[in-house]
Amino acid sequence: MTAINLLVEEKSERLDRYLSEELPDVSRSRVQQLIEQGHVQVNNKICTSKKIHLKAGDRISLKIPAVQPLKLVAEDIPLDILYEDDHLIILNKPAGLVVHPAPGHPDGTLVNALLAHCPNLPGIGGVQRPGIVHRLDKDTTGAIAIAKTDIAYQSLQAQLQAKTAKREYLGVIYGVPKTENGIIDLPIGRNPQDRKKMAIIPIEEGGRSAITHWQVRERLGNYTLIHFQLETGRTHQIRVHSAKLGHPIVGDSVYGAGRSVGVNLPGQALHAWQLKLQHPISGVAIEVTADLPHTFTTLLQVLRRR
């Protein structure tokens, strides 16, 4: 059982929306379930209505029952290791590999592969997602860091929150931007019509600040190779921001549906190209570059020939 106490700092929206934004690791449906089951108190009184509106000064306490741990099984899945020592490991994740087990993906994930490679991983950062500090979408390829000790986990999380760890991506977009670079500063939240998708959602309606820096690397006719740098790390951030500008990522069936480039891609043409961070123990700067996958280089070759 996990107990959480929150103080509402300003007039806010309804209870379930507020909690789902304050607790990004808890889904909206799970929040509503907790409310209905009497696990949430507002100003020391049990509240079973998800629709009540909060005001500044309201005190919220909730208890989250322990989730039954997933039965994680070690699986011998090949790993493309970019860096490894006793404290962390950085991998080049292929397309199609889910990072951690979840409903619909109970095994065959990066975590299952890591358990075979790092037997001491269970318990680092929680039993559900051992060692996972940040995520990549299933079909996004590239560099991802995993902590092998609790100290490393805490350090890497702190670096991401302080924005000292840098994550840089390469992506191919539809269309040609009018400028050579820019900053996309648009808040992102759950799509109210489809909870599996994200969308541009105003802060006052529950969106969270999301900032993406971009720069043109190569113009390819009606397509463009873009260098992205994340200032924040929201779910699907680059994909949502690119689509909002009218330049969705090539191969993105969720945010760029209906478009085709004529090249068989396993997913969106988005690659976590470089990862820069400080070693959690020595403090030494670490910079890794993940080679582009074959499908990405093939796409670039086809577009250059056109």
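The notes below deal with the structure included here. (Residues numbered from 1 in each chain as written. Predicted model: local features only at pLDDT ≥ 70, side-chain atom pairs only at ≥ 80, totals over all residues. Heavy atoms only, no water.)

Focus: the packing of aromatic side chains
Under the criterion given, the structure shown has 1 aromatic pair. When the ring centre of Trp273 is taken as origin, the NZ or CZ atom of Arg217, which lies over that ring, is 5.1 Å away. (Phe/Tyr/Trp six-rings, centres within 6.5 Å; stacked < 30°, edge-to-face > 60°. Lys NZ or Arg CZ within 6 Å of the ring centre and 35° of its normal.)

So, helix H4 (residues 150-162)
Counted at 1.5 Å a residue, the expected span for H4 with its 13 residues is 18 Å, and the 18 Å between its end C-alpha atoms agrees. Where H4 is concerned, the buried positions are Ala152, Tyr153, Ser155, Leu156 and Gln159. Looking at the buried residues of H4, the elements they touch are strand E6 (88-93), strand E7 (141-147) and strand E14 (270-278). Directly after H4, the chain includes Lys163, whose backbone phi takes a positive value near 65°. (Helix = DSSP H or I, 4+ residues; strand = E, 2+ residues; numbered from the N terminus. Expected span 1.5 Å × (residues − 1). Buried < 20%, exposed > 50% of the residue type's maximum accessible area, 1.4 Å probe, protein only. Contact = heavy atoms within 4.5 Å.)

Notes on the environment of Arg195
Relative to the elements of secondary structure, Arg195 occurs in strand E11 (residues 194-200). Assessed through its relative accessible area of 34%, Arg195 is described here as partly exposed. Expressed as a C-alpha distance, the spacing of Arg195 and Ala257, which sit 62 residues apart in the sequence, is 17 Å.

Comments concerning the layout of surface pockets
Considered as a void within the structure, the second largest pocket measures approximately 420 Å³ in volume. If you trace the second largest pocket, you find 15 residues lining it, with Glu10, Ser12, Glu13, Glu22 and Ile203 closest to the centre. Sorting elements by how many residues they give to the lining of the second largest pocket places helix H1 (residues 15-22) first, with 3 residues. Along the lines of polarity and charge, the residues of the lining of the second largest pocket split into 4 nonpolar, 3 polar and 8 charged. (1 Å grid on protein atoms, 1.4 Å probe; cavity = no way out; pocket = protein on both sides within 12 Å on 5 of 7 lines; lining within 4 Å. Points joined across faces, edges and corners; volume = space filled by probe spheres on them. Nonpolar A, V, L, I, M, F, W, Y, C, P; charged D, E, K, R; others polar.)

Section: unusual backbone geometry
In this model, Asn43 sits at a positive phi of 55°, which is unusual for a non-glycine residue. With respect to the helices and strands, Asn43 occurs in the loop between strand E2 (40-42) and strand E3 (45-46). The phi dihedral of His236 is positive, around 60°, even though this residue is not glycine. On the basis of relative accessibility, which here comes to 17%, the residue His236 falls in the buried class.

What about the nonpolar core?
Counting 26 residues, the largest nonpolar core has Leu110, Leu114, Ile146, Tyr169 and Phe228 as its most contacted members. Counting only elements with at least two residues in this core, the list comes to E6, helix H3 (110-117), E7, strand E8 (166-174), strand E12 (211-220), strand E13 (223-230) and E14. With 4 residues, H3 is the largest single contributor of residues to this core. With sequence-adjacent residues up to four places away left out, Ile146 is seen in contact with His87, Leu88, Ile89, Leu91, Leu110, Leu114, Leu121, Gly131 and Ile132. In this structure, Tyr18, Val42, Cys47 and Ile60 belong to the second largest nonpolar core, which totals 18 residues. (Core = buried A, V, L, I, M, F, W, Y, C linked by side-chain atoms within 4.5 Å.)

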